[in-house]
Amino acid sequence: MRTLPKRLKKGDTVGIISPSSPPNQENLKKALPFLEELGLNVKLGKSVAEVNGYLAGTDEERLADLHAMFEDQEVAGIFCAGGGYGAARYADQIDYAMIKENPKVFWGYSDITFLHTAIGEYANLVTFHGSMLASDVGKPEFHERSRRMFGQLFGPFELHYTEEVSPLETMVGGVAQGELVGGNLSLIRSAIGTKFDLGVKGKILLIEDVDEEPAEVDEILNHLRMARKFDEAAGIIIGDFKNAEPKKRKPSLTLEQVFDHYFSDLNIPVVKGFKIGHCEPHFSVPLGALARLDADAKTLTILPGVE
């Protein structure tokens, strides 16, 4: 069992960091009132507004922000401003023992998947795959359901995903139980063969991605297949694959044909259609929490991610 972070409460201070690429600063400013509506005070990391090419400051600056927010006893939770690229560049320099001693809410997705995997493995902490401030909250299309998902941080309650949220399709029936792990497909693949390789044995694997055309999704899924991820997992949840249209390669298989090739003959439950990923609404979930996927009933139940 992974450690559950303490729930947030009104009056708490939360830290904002940019672990990867520079976030849109205007969108970030527009997002901060939302945190204030939740009753939270905000503390900005030193490199949140830094620009170093496609990175939000140097690796050392971004790492220092991550460490500072976990060490700061006044900070009850950490929200990522955005994703992009760059979190993996310093993952091998993170002080995981310190994070394990200071468990707290850590929230983000996309490139942050690498940090979710690393922190889950080496600090044994439940973290949250959820909407980010500049990338999502500060935009006009930020959905009311996405907004409500932050409520799971303020009290320990189960999450229930049914077809009331979005239409779901069962690719393989059955029931699976285990820790929910995963996130962005490209980042899961990038860790294979490293010390941050995602362990999926007996777990429910979540995958989502953005701007990858079917041929690229095919190539990544084939890598995971050959790495035996699909043999080891207890079940698979297919989230949102935004802009997964053929661009460079035409003619093309459809994304659905690619999914059918890799998943339809598996002997574990597989369900697709979850609004988890680069989408609105975005159903935010605790990674490392225990979950139950019922592919026959098309339901996903996840135990609380906070205590």
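Not measured: the values here are computed from a predicted model.

Cut-offs used in this document
Numbers given to residues run from 1 along each chain, matching the order in which its sequence is written. Under the rules for a predicted model, residues below a pLDDT of 70 receive no local features and side-chain atom pairs below 80 are neither given nor counted, while totals for whole chains, interfaces and linings still include all residues. Only heavy atoms go into the side-chain values, all of them from the structure, while hydrogens and water stay out. UniProt positions are given in the numbering used here, feature names are shortened, and annotations may be inferred rather than shown by experiment. To qualify as a helix, a DSSP run of H or I must reach at least 4 residues; to qualify as a strand, a run of E must reach at least 2; elements of each kind are numbered from the N terminus. When accessible area is computed with a 1.4 Å probe and restricted to protein chains, residues below 20% of their type maximum are described as buried, those above 50% as exposed, and intermediate ones as partly exposed. Throughout, a contact is declared for two residues whenever any of their heavy atoms are within 4.5 Å. In protein, a polar contact requires one atom able to donate a hydrogen and another able to accept it; more generally it is a pair of N or O atoms within 3.5 Å, and residues adjacent in sequence count only if both atoms are side-chain atoms. Working rule for helices: expected span equals 1.5 Å times residues minus one. Axis angles are defined between N-to-C directions and span 0 to 180 degrees, where every axis is a line fitted to C-alpha atoms and, for a helix, only to the segment in contact. The cut-offs work like this: below 35 degrees is roughly parallel, past 145 is roughly antiparallel, 65 to 115 is roughly perpendicular, and the gaps in between are oblique. For this classification, Asp, Glu, Lys and Arg are treated as charged, while Ala, Val, Leu, Ile, Met, Phe, Trp, Tyr, Cys and Pro are nonpolar and the rest, including Gly, are polar. Where each domain starts and ends follows an automatic or database-derived domain assignment. Take a side-chain nitrogen of Lys or Arg and a carboxyl oxygen of Asp or Glu: if they are within 4 Å of each other, that pair is a salt bridge. At least two DSSP bridges between two strands are required for those strands to pair. Here a patch means residues that are over 30% exposed by relative accessible area and free of salt bridges, tied together within 9 Å if like-charged and within 5 Å if nonpolar (Val, Leu, Ile, Met, Phe, Trp, Tyr). All accessible-area figures derive from a Shrake-Rupley calculation using a 1.4 Å probe, and residue coverage is judged against the displayed protein chains alone. Every definition here rests on a 1 Å grid over the protein atoms only: cavities are sets of points where a 1.4 Å probe fits but cannot get out, pockets are open sets enclosed by protein on both sides within 12 Å along at least five of seven lines, and lining residues have some atom within 4 Å of a point.

Description of the UniProt feature "domain: LD-carboxypeptidase C-terminal" (unreviewed entry) in the chain
Within the UniProt annotation, "domain: LD-carboxypeptidase C-terminal" (unreviewed entry) is assigned to residues 177–293. Secondary structure over residues 177–293 splits into 27% helix and 28% strand, and the C-alpha atoms at its two ends are 6 Å apart.

What to know about the environment of S146
As for its position among the elements, S146 is in helix 6 (residues 144–148). On the basis of relative accessibility, which here comes to 0%, the residue S146 falls in the buried class. Setting aside residues no more than four positions away along its own chain, S146 makes contact with S131, E280, P281 and H282. A distance of 2.8 Å separates a polar atom in the side chain of S146 from the backbone nitrogen of H282.

Topic: helix 2 (residues 59–71)
When the terminal C-alpha atoms of helix 2 are compared, their 18 Å separation across 13 residues agrees well with the 18 Å that a helix rising 1.5 Å per residue should span. What helix 2 keeps buried is the set D59, R62, L63, D65, L66, H67, M69 and F70. Where helix 2 is buried, its residues contact strand 1 (13–17), strand 2 (41–44), strand 3 (75–80), helix 3 (96–101), strand 4 (105–108) and helix 4 (113–122).

Observations regarding the packing of helix 8 (residues 214–226) against helix 10 (residues 255–263)
Their axes nearest at 9 Å, the elements helix 8 and helix 10 cross at an angle of 10°. With respect to their mutual orientation, helix 8 and helix 10 come out roughly parallel. Touching P214, V217, D218, L221, N222 and R225 of helix 8 are L255, V258, F259, Y262 and F263, all from helix 10. Broken down by class, the residue content of the contact of helix 8 with helix 10 amounts to eight nonpolar, one polar and two charged.

Some thoughts on the domain arrangement of the chain
What the domain assignment lists for the chain is domain 1 (13–153) and domain 2 (159–302). Taking the mean C-alpha position of each, domain 1 and domain 2 sit 23 Å from one another. Counting the contacts that link domain 1 with domain 2 gives zero salt bridges. Along the contact surface separating domain 1 from domain 2 lie 10 residue pairs in polar contact (both at pLDDT 80 or more).

Some thoughts on the sheet that holds strand 4
Across the sheet, which stays open at both edges, the six strands sit in the order 2-1-3-4-5-12 with mixed pairing between neighbours. Unpaired on one side and paired on the other, strand 2 and strand 12 (285–287) mark the two borders of the sheet. Neighbour-to-neighbour, the strand axes of this sheet turn through a mean angle of 30°, independent of strand direction. Bridge count for strand 4 against strand 5 (residues 127–129) is two bridges, and the pairing is parallel. By the bridge assignment for strand 5, G108 is matched with H129.

Considering the pairing of strand 8 (residues 175–184)
Within strand 8, eight of the 10 residues are buried, which leaves the element mostly enclosed by the surrounding structure. Pairing analysis gives five bridges linking strand 8 to strand 13 (residues 290–294), with the strands arranged antiparallel. Each bridged residue has a counterpart across the sheet, and for A176 the counterpart in strand 13 is L293. Note: strand 8 against strand 9 (residues 204–210), five bridges, orientation parallel. Bridge pairing in strand 9 links N184 to E208.

Looking at a nonpolar patch on the surface
Where nonpolar side chains cluster on the molecular surface, the patch consists of M1, L290 and L303 and spans about 320 Å² of accessible area. Checked against the element boundaries, L290 lands in strand 13.

Some thoughts on the UniProt feature "active site" (unreviewed entry) in the chain
Mapped onto this structure's residue numbering, the UniProt feature "active site" (unreviewed entry) falls at S110, E208 and H278. Over a stretch of 169 residues, the named residues converge on one spot in the fold, their C-alpha atoms separated by at most 8.5 Å. Of the annotated set, the members that line the largest pocket are S110 and H278. With respect to the helices, strands and loops of the structure, S110 is situated in the loop between strand 4 and helix 4. Once residues within four sequence positions are removed from consideration, S110 is found in contact with M132, N184, L187, E208 and H278. Summarising the element assignment, E208 is placed in strand 9. For E208, a relative accessible area of 0% puts it in the buried group. Leave out the neighbours within four places in its chain, and E208 touches Y109, S110, H129, G183, N184, L185, G239, D240, F241, I276, G277 and H278.

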